[in-house]
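Analysis of the macromolecular model
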Amino acid sequence: MLHHVVVEVSDLDRSAAFYDAVLGPLGWRRHFDEDQIVGWGIAKPVFFISGRHEPRPGFGLIAFTSVGIAGVKAAWEGGCATGGKGVSDPGVSRGHASGSYSAFLQDPDGYDVEVTVGVA
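Residues numbered from 1 in each chain as written. Predicted model: local features only at pLDDT ≥ 70, side-chain atom pairs only at ≥ 80, totals over all residues. Heavy atoms only, no water.

Notes on the nonpolar core
Judged by nonpolar contacts, the single largest core of 26 residues is most densely connected at Y19, L23, W40, F47, I49 and F64. Within the residue set of this core, elements represented by two or more residues are α1 (12–23), β3 (37–41), β4 (45–50), β5 (61–65), α2 (69–81), β7 (101–106) and β8 (112–117). Element by element, the count of residues in this core is highest for α1, at 6 residues. Excluding residues that lie within four positions of it along the chain, Y19 makes contacts with G24, W40, F47, I49, I62, F64, D107 and V113. (Core = buried A, V, L, I, M, F, W, Y, C linked by side-chain atoms within 4.5 Å. Buried < 20%, exposed > 50% of the residue type's maximum accessible area, 1.4 Å probe, protein only. Helix = DSSP H or I, 4+ residues; strand = E, 2+ residues; numbered from the N terminus. Contact = heavy atoms within 4.5 Å.)

Details of α1
Its 12 residues give α1 an end-to-end C-alpha distance of 16 Å, which sits within 8% of 16 Å, the value for a rise of 1.5 Å per residue. Between the side-chain oxygen of the N-cap and the backbone nitrogen of D13 there are 3.2 Å, and the N-cap of α1 in question is D11. (Expected span 1.5 Å × (residues − 1). Polar contact = N/O pair within 3.5 Å; in protein donor to acceptor, adjacent residues only side chain to side chain.)

Some points on the sheet that holds strand β1 (residues 5–8)
Sheet strands line up and pair through hydrogen bonds in the backbone, either parallel or antiparallel. Here we have 4 strands laid out as an open sheet, ordered β1-β4-β3-β2, and mixed in their pairing. Of all strands in the sheet, those with a lone pairing partner are β1 and β2 (29–34), marking the two edges. The mean angle between the axes of side-by-side strands here comes to 20°, regardless of whether they run parallel or antiparallel. Across 5 bridges, β3 lies against β4 in antiparallel orientation. Each residue of the ladder has a partner; that of G41, found in β4, is P45. (Pairing = 2+ DSSP bridges. Axes fitted to C-alpha atoms, helices over the stretch in contact; angles between N-to-C directions.)

A short note on the environment of W76
Along the chain, W76 falls in helix α2. Distance from W76 to F104, taken between C-alpha atoms, is 7.4 Å for residues 28 residues apart in sequence. Those residues within four positions of W76 in sequence are excluded, and the remaining contacts are G86, V87, S88, D89, P90, A103, F104 and L105. Polar side-chain contacts of W76 include one of 3.2 Å to the backbone oxygen of F104.

Quick look at the side chain of E114
Mapped onto the fold, E114 is located in strand β8. By relative accessible area, E114 is classed as buried at 4%.

Remarks on the packing of aromatic side chains
Under the criterion given, the structure shown has 7 aromatic pairs. Each ring, one from W28 and one from F64, has its centre 5.3 Å from the other, and the planes form 85°; the classification is edge-to-face. Here F64 lies in strand β5 and W28 lies in the loop between α1 and β2, a separation of 36 residues in the sequence. Comparing W28 with F64 shows no difference in burial state: the two are buried. (Phe/Tyr/Trp six-rings, centres within 6.5 Å; stacked < 30°, edge-to-face > 60°.)

Examining α2
Taking 1.5 Å per residue as the helical rise, α2 with its 13 residues ought to reach 18 Å, and the 18 Å between its terminal C-alpha atoms agrees with that figure. Turning to α2, its buried residues number three or more, namely G71, V72, A75, W76, G78 and G79. What you see down the axis of α2 is that its buried residues fit within an arc of 165°, all on one side. What points out from α2, more than 90 degrees from its buried face, is the exposed set A70, E77 and A81. In this structure, the buried residues of α2 make contact with α1, β6 (85–92), β7 and β8. Positioned one or two residues after α2, G83 has a phi angle of 100°, which is positive. (Arc of directions from axis to C-beta.)

Next up, the structure:
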């Protein structure tokens, strides 16, 4: 079971605005914002960004679940409007571990972000 995730970012304010826009439509909210760390979740923070250390190059994919297609679209649009880069428009996806309807984008530091929902 996943307990929490922390991602180092190069600009905490820019990345916080990006994740506010992506996670808000999914029902997540900020639960933590102090000492160069911001955390989101539904009942408690489980996803954090940190400005404490220099980000290191590498690959990373973060996938968030939406409760519906409208949330996937809103999260993708919000992320693209706040410094993210659209990689794949919202639509049907059959990729490994993806839901049936997904959208892909990159956050301001280049991390791959997927927003997905399983549909019948």
